[in-house]
Amino acid sequence: MKRFVCLAVACLFLLSMTGCAFVTPLPSAVYGDVKGGLSTDSAVKSKKTGKSCAQSVMMVASWGDASIEKAKEDGKIKKVATVDFETFNVLVYARYCTVVTGE
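Quantities reported herein were computed from a predicted structural model and do not represent experimental measurements.

Caption draft 1: Region of the structure containing the pattern of salt bridges. Enumeration over the complete set of coordinates arrives at three salt bridges. With a shortest N-O distance of 2.9 Å, E86 and K51 are connected by a salt bridge. Of the two residues, E86 is situated in strand β4 (residues 80-90) and K51 in strand β2 (residues 48-57); the sequence distance between them amounts to 35 residues. Here K51 falls in the partly exposed class, since its relative accessible area comes to 39%.

Written out as structure tokens, the structure reads:
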């Protein structure tokens, strides 16, 4: 009986963790590599590109800055033309990046 309770608790813990590391509209438990667009402003030209990323390992530790402001800073962009995202995950590792283009 004790073994059954331990197994049930472990299963519930693992089940409660599902979805925590998924940062994409198309979650994948083994491998994922997705890109997509969030917004555009056709009045601004896309001369420069900036990127900012955040990562997660085993849904336990996360770090990084995937903000639009950080991506603008990376590309030295003042006026934003487009904001896109890129996600990548393999088993226990996940990365979410914000990609900004503009002037």
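Caption draft 2: Spotlight on a positive patch on the surface. Together, K45, K47, K48, K76 and K78 line one region of the surface with positive charge. Within the element layout of this structure, K76 appears in the loop between α2 (68-75) and β4.

Caption draft 3: Summary view of the packing of aromatic side chains. Evaluated as defined, the whole model comprises three aromatic pairs. Geometrically, the ring pair formed by F85 and Y96 is stacked, given 6.1 Å between the ring centres and 5° between the ring planes. Of the two residues, F85 is situated in strand β4 and Y96 in strand β5 (residues 93-102); the sequence distance between them amounts to 11 residues. Here F85 falls in the buried class, since its relative accessible area comes to 9%. An aromatic cluster of three or more residues is present, and its members are Y31, F88 and Y93.

Analysis parameters
- Residues numbered from 1 in each chain as written.
- Predicted model: local features only at pLDDT ≥ 70, side-chain atom pairs only at ≥ 80, totals over all residues.
- Heavy atoms only, no water.
- Salt bridge = Lys/Arg side-chain N within 4 Å of Asp/Glu carboxyl O.
- Helix = DSSP H or I, 4+ residues; strand = E, 2+ residues; numbered from the N terminus.
- Buried < 20%, exposed > 50% of the residue type's maximum accessible area, 1.4 Å probe, protein only.
- Patch = residues over 30% accessible without salt bridge, like charges linked within 9 Å, V, L, I, M, F, W, Y side chains within 5 Å.
- Areas by Shrake-Rupley, 256 points an atom, 1.4 Å probe, with all protein chains shown as cover.
- Lys, Arg positive; Asp, Glu negative; His and termini not counted.
- Charge placed at Lys NZ, Arg CZ, Asp CG, Glu CD.
- Phe/Tyr/Trp six-rings, centres within 6.5 Å; stacked < 30°, edge-to-face > 60°.

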